[in-house]
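Descriptive structure summary
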Amino acid sequence: MKRFSALFMLCIIAFSATQACIKSNVPVFTSPVTVIVMDTTQALLQGAQLKIGKRTFATSFDGRVVLEPEQINGVKSFSVSCEGFKDQKVKVDNNVMIVRLEGKTPKNGKHSKGDLYYSYGPTREAKGGMMYKTLATGAPMAADAAVMEEAAVATEAHTMPYRPTEPNNVSAGKLTAGEVNDFAKWNLWSNILDNTHKQFIKDWRLTPRQRYTVQVVNKNGYPVVNYPVNLTDKKGNTVFQAVTDNTGKAELWNGLTGQPAEVDQPAWQTIVVDDPCDHSEDVDVVFVFDATGSMGDELRYLQAEMKDVIARAKDATGGLNIRTGAVVYRDHGDEYITRISRLTEDLKTTQAFIDKQHANGGGDYPEAVPEALMAALNSSGWDSNARARIAFLILDAPCHQDSATLALLHDQILNAAAQGVRIVPVVCSGLGESGELLLRSIALATNGTSFFLTDDSGIGHTHLKPTTDSLKVEHLNDMLVRTIVEFSLMPNCESSELNTQDPEDIEQFIPNPFNEQDLESDPSIPHGEGVHYLVDVSGKLLGVFEGNVPTDHLPMGVYFIKTYYNGTWHTKKILIL
């Protein structure tokens, strides 16, 4: 009997040990868990059902369910279902889980039109825009307790709308700004990450530090645009995806949103492919701008600037086919989160959409930046064959910092890079240094550049002075037009000329790295002496050379050799044709 009891106790101990092992594989949460449900185009799905044990939870208007620890602890997996989509089983493995559901194909082989778009507010309709449906739910936006409290305060603040006084004499050419191109000042950017802004990296969990540049050309030396390039680790797993820009270059990142992987790739490499010189004449430009109350001091001026840019873009690019679109956004709890005017060749449609927007809502400091990017990236109708896809992100505040929002933000950044949409932040009054780090990181991650409005215009509240060595102040509208040209400039396959209004008048596009020095072209400078900087038309530093600068490896395009000679910076333009 004693022997049986001993065996019985051993079984119990063994069973308990086994159970302990099983339980150790299930995460134990001490803070709320957020589940975000979207479709494969990243449209957020309202009303999706999460089956967790015997309980069922439904996603709110922002595609989220916030679960308390006691509702998820001990659960290995749960199922997600939504009408019109395939059910999916999800493993519980993180505080933030993003679930993408695939659509079902009906028996008749046709999909019915859905009504789940980026439309989180009362019913609204605009020409050239989307339909906005009424939503009845209002679940909390985030999982973090601190953010819950913040949202409650913000909701109260929303009851007091901002009503700015209509400014007089609003016209284009009033706002002033400076460009910070961190590709051009890479050593300075590395110093910022390691010193002045190091403390802010944890705010956004975003670190564009380990950069890999790939140049793609065809056998005749023409840059190849829209060529997909992947960075993989030693095991063959994809680390980062991008496509080549108008200069044939792709920027890839290791460890952008997490720990760097083991990568056995050179920092710079050239790939020669057997592709013809065949690129589109189309350029897509989307303006994404914050329309919360704090933008009231500058919004009317921004509308005038964008209207001017839209009108000038076609002529400035030498007659390329320009399509424009716009996204306006506010924040959770406001009248709407996003409104969209899809890309169109009818430029007046975009102008009319932008003109009728006004600033209101917001209340708290952070706004719905990830949702705005999601709308711009997935509902604008980008042309994947366009030679340039540009999103100007115009804002005065970053997004919320809870885990769910940051996961959504990271998704959009990776999505933009994979689509080849170059994000160019335009920073308005009120942004702090933490937000500066975020926006410059977004620009780098998507192969863009950064603009900062300045106090020189006398318009708006105080503007942040970006952390850089020098900042040339220009008119914002001219900078926007110049960027569209820089991001779309390519050699003409048939005539070996550059597609721009005046190929010889290229000095106006001299890039950012040396824009406060003497930019007079001086072909007589002996480039065999001293240290020389080779940059491309978009401002990227391609190399630093002592002695002669090699150019035979460059694809066709416009480049600049910058030389410090006799106490002055000099510029020599070179055309590779």
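Nothing here was measured: the structure is a model prediction, and the numbers come from that model.

Bringing the overall build of the protein chain into the picture now. In terms of helices and strands, the protein chain carries 11 helices and 24 strands. Within the protein chain, buried positions represent 54% of all 577 residues.

Moving on, we come to the packing of aromatic side chains. In this structure the tally under the stated criterion is three aromatic pairs. Taken together, a centroid distance of 5.7 Å and an interplanar angle of 20 degrees make the contact between F287 and F392 stacked. On the criterion of sequence distance, the pair formed by F287 in strand 14 (residues 282-290) and F392 in strand 17 (residues 388-395) is long-range, its members being 105 residues apart. Its relative accessible area of 0% is what places F392 among the buried residues. Grouping aromatic residues by their ring pairs yields a cluster made of F183, W186 and W253.

This part is about the pairing of strand 18 (residues 422-427). Counting buried residues in strand 18 gives six out of six residues, a clear majority hidden from the surface. Burial along strand 18 is two-sided: the face carrying R422, V424 and V426 and the face carrying I423, P425 and V427 are both buried. Judged from the six bridges that link them, strand 17 and strand 18 form a sheet pairing that is parallel. Looking at the pairing, I390 lines up with R422 of strand 18. A crossover links strand 17 with its parallel partner strand 18, the connecting element being helix 9 (residues 403-419), and its sense is right-handed. Traced from strand 18 through helix 10 (residues 433-445) to strand 19 (residues 450-453), the parallel crossover comes out right-handed.

If you look at the biggest cluster of nonpolar residues, it comprises 58 residues, and the most contacted ones within it are F240, L252, V288, L393, L409 and I442. Ignoring anything within four residues of it in the chain, the contact list for L409 reads P370, L373, C399, L438 and I442. Among the nonpolar cores identified, the runner-up in size contains 42 residues, and A313, I354, L476 and V485 belong to it.

Most peptide bonds are trans, and most residues other than glycine sit at a negative phi. A positive phi is found at R205, a non-glycine position, where the angle reads about 50 degrees. Relative to the elements of secondary structure, R205 occurs in the loop between helix 5 (201-204) and strand 9 (210-218). For N226, which is not glycine, the phi torsion reads 60 degrees and is therefore positive. Note on placement: N226 falls in the loop between strand 9 and strand 10 (228-232).

Atom-level detail of predicted coordinates should not be read off regions where pLDDT is low. Averaged over the protein chain, the pLDDT score is 78; the fraction of residues at 70 or greater is 76%. Note that pLDDT drops below 50 for residues 107-166; the model gives that stretch 121 contacts with residues more than four away or on any other chain. Predicted confidence is poor over residues 500-522, with pLDDT under 50, and the contacts of this stretch with residues over four places away or in other chains come to 65 contacts.

Attention shifts here to the sheet that holds strand 13 (residues 268-273). With mixed pairing, three strands are arranged side by side in an open sheet as 12-9-13. Strand pairing shows two members of the sheet lacking a second neighbour, strand 12 (249-254) and strand 13, which therefore form its edges. In this sheet, neighbouring strand axes are inclined to one another by 25 degrees on average, regardless of whether the strands run parallel or antiparallel. As defined by bridge partners, strand 9 adjoins strand 13 across six bridges and the pair is classed as parallel. Paired with V214 across the two strands is Q269, which belongs to strand 13.

Opposite charge on two side chains permits pairing when their charged atoms draw close. Scanning all chains against the criterion turns up 23 salt bridges. Where R100 meets D411, a salt bridge forms, and the shortest distance between an N and an O atom there is 2.1 Å. Taken as a pair, R100 in strand 7 (residues 96-101) and D411 in helix 9 lie far apart in primary sequence, 311 residues in all. Residue classification places R100 among the partly exposed positions, given a relative accessible area of 33%.

Moving on, we get to helix 11 (residues 476-486). The buried count for helix 11 comes to 10 of 11 residues, which makes it a mostly enclosed element. Residues of helix 11 that are buried include every one of L476, N477, M479, L480, V481, R482, T483, I484, V485 and E486, and no others.

A word on the sheet that holds strand 6 (residues 88-91). Pairing is antiparallel in the open sheet, where four strands are placed in the order 3-2-5-6. Every other strand in the sheet has two partners, leaving strand 3 (55-58) and strand 6 as the edge strands with one partner each. Taken over all neighbouring pairs, the strand axes of this sheet differ in orientation by 30 degrees on average, direction set aside. By the bridge criterion, four bridges tie strand 2 (residues 49-52) to strand 3 in an arrangement that is antiparallel. When the bridges of strand 3 are listed, Q49 appears paired with A58.

Here we come to the packing of helix 6 (residues 299-316) against helix 11. Contact geometry for helix 6 and helix 11: axes closest at 9 Å, N-to-C directions at 35 degrees. Handedness of the crossing formed by helix 6 with helix 11: right-handed. Residues L302, E305, D308, V309, R312, A313 and A316 of helix 6 pack against L476, N477, D478, L480, V481, I484 and V485 of helix 11. Residue composition of the contact of helix 6 with helix 11, grouped by class: nine nonpolar, one polar and four charged.

Criteria and thresholds
Residues numbered from 1 in each chain as written. Predicted model: local features only at pLDDT ≥ 70, side-chain atom pairs only at ≥ 80, totals over all residues. Heavy atoms only, no water. Helix = DSSP H or I, 4+ residues; strand = E, 2+ residues; numbered from the N terminus. Buried < 20%, exposed > 50% of the residue type's maximum accessible area, 1.4 Å probe, protein only. Phe/Tyr/Trp six-rings, centres within 6.5 Å; stacked < 30°, edge-to-face > 60°. Pairing = 2+ DSSP bridges. Right-handed = clockwise from strand over helix to strand, strands pointing away. Core = buried A, V, L, I, M, F, W, Y, C linked by side-chain atoms within 4.5 Å. Contact = heavy atoms within 4.5 Å. pLDDT = per-residue confidence, 0-100. Axes fitted to C-alpha atoms, helices over the stretch in contact; angles between N-to-C directions. Salt bridge = Lys/Arg side-chain N within 4 Å of Asp/Glu carboxyl O. Left-handed = near helix turned anticlockwise from the far one by under 90°. Nonpolar A, V, L, I, M, F, W, Y, C, P; charged D, E, K, R; others polar.

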